[in-house]
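Below, each chain spelled out in residue letters.
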Amino acid sequence: MVTIETVAEIDEEGTLTARAPASAPRGKMRVVIVIENGGTEGQKEPAKRKLPDLSEFRARLGAKTYPGNSVVDLREEERS
């Protein structure tokens, strides 16, 4: 597996064009593309998704509740 970090251009038709380094293998390859919004002007950062607070749900089930990060607290309790 080869990791390539480059700048690509996406045109009006949605065609993505990027340049690979000379050391990259040639031919058809499976690639994974991550589009970061940090480098583009005029686009808003997507809203951060907030995880739900499950403490009330756990209390209704009769389970022990944990303040803060319940998953981390639960795992620490399991290890001790």
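In this text, all values refer to a predicted model and were calculated from it rather than measured experimentally.

1. So, the overall build of the protein
Part 1 of the argument: From N to C terminus, the protein includes two helices and two strands.
Part 2 of the argument: Secondary structure of the protein in N-to-C order comes out as β-β-α-α.
Part 3 of the argument: Per-residue burial over the protein gives 2% buried out of 80 residues.
Part 4 of the argument: Contacts spanning at least 24 positions in sequence make up 3% of the contacts within the protein whose residues lie at least 6 apart.
Part 5 of the argument: Accessible surface, the protein as shown: approximately 8300 Å² in total, 52% of it carbon and sulfur.

2. Some remarks on the environment of Ser 23
Part 1 of the argument: Position of Ser 23 among the secondary structure elements: in the loop between β2 (16-18) and α1 (55-60).
Part 2 of the argument: Note: C-alpha distance between Ser 23 and Val 2 (21 residues apart in sequence) is 9.4 Å.

3. A closer look at the confidence of the model for the protein
Part 1 of the argument: Taken as a whole, the protein shows an average pLDDT of 77; of its residues, 78% reach a score of 70 or greater.
Part 2 of the argument: Confidence, expressed as mean pLDDT per element, reaches its minimum in the protein at helix α2 (residues 70-79) with 72 and its maximum at β2 with 89.

4. Some remarks on the environment of Ile 33
Part 1 of the argument: You can see Ile 33 is positioned in the loop between β2 and α1.
Part 2 of the argument: What makes Ile 33 exposed here is its relative accessible area of 51%.

5. Remarks on a negative patch on the surface
Part 1 of the argument: Where like charges cluster on the molecular surface, the negative patch consists of Glu 9, Asp 11, Glu 12 and Glu 13.
Part 2 of the argument: For Asp 11, the position within the fold is in the loop between β1 (8-10) and β2.

Basis of the calculations
Residues numbered from 1 in each chain as written. Predicted model: local features only at pLDDT ≥ 70, side-chain atom pairs only at ≥ 80, totals over all residues. Heavy atoms only, no water. Helix = DSSP H or I, 4+ residues; strand = E, 2+ residues; numbered from the N terminus. Buried < 20%, exposed > 50% of the residue type's maximum accessible area, 1.4 Å probe, protein only. Contact = heavy atoms within 4.5 Å. Areas by Shrake-Rupley, 256 points an atom, 1.4 Å probe, with all protein chains shown as cover. pLDDT = per-residue confidence, 0-100. Patch = residues over 30% accessible without salt bridge, like charges linked within 9 Å, V, L, I, M, F, W, Y side chains within 5 Å. Salt bridge = Lys/Arg side-chain N within 4 Å of Asp/Glu carboxyl O. Lys, Arg positive; Asp, Glu negative; His and termini not counted. Charge placed at Lys NZ, Arg CZ, Asp CG, Glu CD.

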